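Below, each chain spelled out in residue letters.
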Amino acid sequence: QVQLVESGGGLVQAGGSLRLSCAASGRTFSSYRMGWFRQAPGKEREFVAHISRSGISTYYADSVKGRFTISRDNAKNTVSLQMNSLKPEDTAAYYCAAKSGGSNDYENLRLYNYWGQGTQVTVSS
């Protein structure tokens with residue numbers, strides 16, 4: 001089992017940057033594919049980014065491509081999301097999630113086994 005705790009959210013002006021972190025418990029962190037999702041008020045939770053077990057392969061939603069970067073440190077059991085050029089439409093609660101299966105359906109939140117509690121990101125215009 002994996003427990004995930006996000007941090008790093010906050011209030012930032014449009015055009016600014018934030019770095020989210022997700023700390024994982026357990027000795028098998030490197031066996032999980034990791035993802036970031038977000039959920040704005042009144043909207044469904046949506047996929048943001050995915051990273052492979054080794055960290056070599058990444059995949060992004062079109063809406064964040066070129067602005068966000070996902071990374072992981074398996075030695076420290078952490079996954080991060082660097083968010084640059086933030087826009088008001090990026091405002092949401094951000095969640096990290098762990099996936100044990102081998103499916104390449106990165107955007108399907110139902111395939112993720114474990115979730116953090118979320119961290120709020122608010123981007124003012």
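Before reading further, recall that the structure is shown in the block above.
Here is what the cut-offs are and how they apply
Residues numbered from 1 in each chain as written. Predicted model: local features only at pLDDT ≥ 70, side-chain atom pairs only at ≥ 80, totals over all residues. Heavy atoms only, no water. Core = buried A, V, L, I, M, F, W, Y, C linked by side-chain atoms within 4.5 Å. Buried < 20%, exposed > 50% of the residue type's maximum accessible area, 1.4 Å probe, protein only. Helix = DSSP H or I, 4+ residues; strand = E, 2+ residues; numbered from the N terminus. Contact = heavy atoms within 4.5 Å. Disulfide = S-S within 2.5 Å. Salt bridge = Lys/Arg side-chain N within 4 Å of Asp/Glu carboxyl O.

Visitor: Honestly, the nonpolar core in this entry has me stumped. Any pointers?
Guide: Soluble globular proteins tend to bury their nonpolar side chains together. Trp36, Leu81, Met83 and Tyr94 are the most contacted members of the largest nonpolar core, which has 33 residues in total. Breaking this core down by element, the ones donating at least two residues are strand 3 (18-24), strand 4 (33-39), strand 5 (46-51), strand 7 (68-73), strand 8 (78-83), strand 9 (92-99) and strand 11 (119-124). The leading source of residues in this core is strand 9, at 5 residues. Contacts of Tyr94, omitting those with residues within four sequence positions, involve Glu6, Leu20, Trp36, Phe37, Arg38, Val48, Phe68, Leu81, Met83, Gly118, Thr119 and Val121.

Visitor: Before we go on, may I ask you to explain the state of the cysteines in this structure?
Guide: By definition, a disulfide links the sulfur atoms of two cysteine residues through a covalent bond. Tallied over the full model, the rule gives 1 disulfide. Here Cys22 connects covalently by a disulfide to Cys96, the sulfurs 2.0 Å from one another. Across the S-S bond of Cys22 and Cys96 the torsion is about 45 degrees, and the bridge reads as right-handed. Taken together, the residues Cys22 in strand 3 and Cys96 in strand 9 connect sequence positions 74 residues apart.

Visitor: What should I look at first to understand the pattern of salt bridges in this one?
Guide: Note on pairing: side chains with opposite charge can pair once their charged atoms come close. Considering all chains together, one arrives at 4 salt bridges under this definition. The residue Asp90 makes a salt bridge to Arg38 at a minimum N-O spacing of 2.9 Å. With a gap of 52 residues between them, Asp90 in the loop between strand 8 and strand 9 and Arg38 in strand 4 connect regions that are remote in the sequence. This pair shows no difference in class: Asp90 is buried, exactly as Arg38 is. Note that Lys65 is salt-bridged to Asp62, the shortest N-O span being 3.1 Å.

What is shown is where atoms sit, not what they do.
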